[in-house]
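Architecture and fold: a report
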Amino acid sequence: MSEPPVLQLGQRLRQLRQERQWSLDEAAKQTTVSKAMLGQIERGESSPTLSTLWKIATGFHLSFTALVTDLSVASTEPNPQASNRVVSDDRGIDVVTLFPYDPLVGFEVMYLRLEPGSQTQSDPHEQGVLEHLIILEGELELFIDGAWIRLKQGDRVKFAGDQFHVYRNTGKTPVVFYDIIHYAKSSDKS
């Protein structure tokens, strides 16, 4: 039986830090996540939010899926037979990796589900990152360019992911959408 995802993430974070010969102080500086929080994650004492995972991935110059794909948690959506990876946030947000980051094409594809009342904010990703959202179910409120926009089933939007942005669900039903993230070709994200 494999270790719980929180322990796998801690081991992955420690491995990445050691590969770069970074102290916890340096990792905290690069990721803007506190040294204490990084230490808790490495020891498997804390399950980070999606926002914290994004900060870590960005600070280590990785795609989101390159950070979390090795975590062995099988998903039940959208394909029960697939061995997709899922990251769940205790605030009602699930992220399923459909296609992990591929350096040949520079993108990754995720399936997100936000329960009613849930919200996640994202600090700017690296320069040149583009996000493409396709709404499958429900209504998503997206904060970009200093304003909220409402997207409903069938809507799609492309925006610069290298800016602060927020996803939220103020409705009574879950919001389900694809997030296709395209990274600039200038650096390796795997």
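In what follows, the accompanying structure is described. The shown structure was predicted, so the numbers you read here are calculated from the model rather than taken from an experiment. (Residues numbered from 1 in each chain as written. Predicted model: local features only at pLDDT ≥ 70, side-chain atom pairs only at ≥ 80, totals over all residues. Heavy atoms only, no water.)

1. Some words on the overall build of the chain
Each helix and strand counted, the chain has five helices and ten strands in total. The buried share among the 190 residues of the chain stands at 44%. In the chain, the share of contacts with a sequence separation of at least 24, taken over all contacts with a separation of at least 6, comes to 64%. Carbon together with sulfur atoms contributes 51% to the accessible area of the chain, which is approximately 9500 Å² in total. (Helix = DSSP H or I, 4+ residues; strand = E, 2+ residues; numbered from the N terminus. Buried < 20%, exposed > 50% of the residue type's maximum accessible area, 1.4 Å probe, protein only. Contact = heavy atoms within 4.5 Å. Areas by Shrake-Rupley, 256 points an atom, 1.4 Å probe, with all protein chains shown as cover.)

2. A short note on the sheet that holds strand S9 (residues 165–168)
A sheet is described by the order of its strands in space; here four strands give the open sequence S4-S9-S6-S7, paired in antiparallel fashion. Of all strands in the sheet, those with a lone pairing partner are strand S4 (119–122) and strand S7 (147–152), marking the two edges. Averaged over all adjacent pairs, the angle separating strand axes in this sheet is 20°, with direction ignored. Taken together, the three bridges between strand S6 (residues 139–144) and S9 define a ladder with antiparallel strand orientation. Counted as the bridge partner of Glu141 is Arg168 from S9. (Pairing = 2+ DSSP bridges. Axes fitted to C-alpha atoms, helices over the stretch in contact; angles between N-to-C directions.)

3. Re the pairing of strand S8 (residues 156–160)
Along S8, the buried face is formed by Val157 and Phe159; none of Arg156, Lys158 and Ala160, which line the opposite face, is buried. In the sheet, strand S5 (residues 130–137) pairs with S8 via five bridges, with the strands oriented antiparallel. Of the residues in S8, the one forming a bridge with Glu131 is Phe159.

4. Thoughts on the nonpolar core
Residues Phe64, Leu140 and Phe177 are the most contacted members of the largest nonpolar core, which totals 40 residues. At five residues, helix H4 (residues 50–59) tops the list of elements feeding residues into this core. Each residue touching Leu140, except ones within four places of it in the same chain, is listed here: Leu114, Leu133, Ile135, Ile149, Arg150, Leu151, Tyr167, Arg168, Val175 and Phe177. (Core = buried A, V, L, I, M, F, W, Y, C linked by side-chain atoms within 4.5 Å.)

5. What to know about the side chain of Asn169
Relative to the helices and strands, Asn169 is located in the loop between S9 and strand S10 (175–182). By relative accessible area, which is 2% here, Asn169 ends up buried. In terms of polar contacts, Asn169 uses its side chain to reach the backbone carbonyl oxygen of Thr173, at 2.8 Å. Setting aside residues no more than four positions away along its own chain, Asn169 makes contact with Leu114, Glu115, Pro116, Gly117, Ser118, Glu139, Pro174 and Val175. (Polar contact = N/O pair within 3.5 Å; in protein donor to acceptor, adjacent residues only side chain to side chain.)

6. As for helix H2 (residues 24–31)
For H2, the set of buried residues is Ala27, Ala28 and Thr31. Down the axis of H2, the buried side of the element spans an arc of 100°, and every buried residue falls inside it. Looking at the buried residues of H2, the elements they touch are helix H1 (5–19), helix H3 (35–42) and H4. The first or second residue beyond H2 is Thr32, which carries a positive phi of 60°. (Arc of directions from axis to C-beta.)

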